[in-house]
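Remarks on the overall topology
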Amino acid sequence: MISLAASQAAKDIMLNRELIAINQDPEGRGAYAYRIRPELQWFHTDEVFILVNVLTDGDLAIGFFNLSDGQREILLQFWDLGLSFASGISLSLKECWEDKELGVFAERYAPVVAAHDCHVVRATLIRK
């Protein structure tokens, strides 16, 4: 007999309020790929990438994806999103899997992402 019961990990993913809110954003815009510039990374591979989605309320949903066999630090420079340091705009980041505030970042954010994993944040623009 085959069991159709989902694991607790699968249930946690499917019932995550933060991820559901991003997925069900009213405007339904698609995410765009942010190509990591190889000169800014110590590795260059298509196995690591970032997806950015602009949400209805102006927040950004940002996913850092690591499809490689090793842990990676994935660097996002905010100027590549059109946010220069001189603009006075920072990003307040909230980690979506655990619903945890990460703080305010001014120029860049570089999470370490485990092998075959992703890191998803919701970013609110903050003017200083």
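You'll find the structure just up there.
Below is a short write-up of the structure. The structure displayed is predicted, hence computed values, not measured ones.

As a further point, take the nonpolar core. Ile-50, Ile-62, Phe-64, Leu-76 and Leu-91 are the most contacted members of the largest nonpolar core, which totals 18 residues. When contributions to this core are tallied by element, the ones reaching two or more residues are strand S2 (48-54), strand S3 (60-66), strand S6 (89-95) and strand S10 (117-127). Leu-55, Ala-61, Cys-118 and Val-120 belong to the second largest nonpolar core, which has seven residues in total.

All right, on to the pairing of S6 then. Along S6, seven of the seven residues are buried, which leaves the element largely enclosed by surrounding structure. Residues of S6 alternate between two faces, with Ile-89, Leu-91, Leu-93 and Glu-95 on one and Ser-90, Ser-92 and Lys-94 on the opposite face, all of them buried. Of the strand pairs in this sheet, S6 and S10 are connected by seven bridges, and their pairing is antiparallel. Following the sheet pairing, Lys-94 is matched in S10 by Arg-122. As paired elements, S6 and strand S7 (residues 100-105) share five bridges and run antiparallel to each other. Directly across from Leu-91, in S7, lies its bridge partner Phe-105. Counted between consecutive antiparallel strands, the loop separating S6 from S7 contains four residues, among which Asp-99 sits at a positive phi close to 55 degrees.

What counts, and at which threshold
Residues numbered from 1 in each chain as written. Predicted model: local features only at pLDDT ≥ 70, side-chain atom pairs only at ≥ 80, totals over all residues. Heavy atoms only, no water. Core = buried A, V, L, I, M, F, W, Y, C linked by side-chain atoms within 4.5 Å. Buried < 20%, exposed > 50% of the residue type's maximum accessible area, 1.4 Å probe, protein only. Helix = DSSP H or I, 4+ residues; strand = E, 2+ residues; numbered from the N terminus. Pairing = 2+ DSSP bridges.

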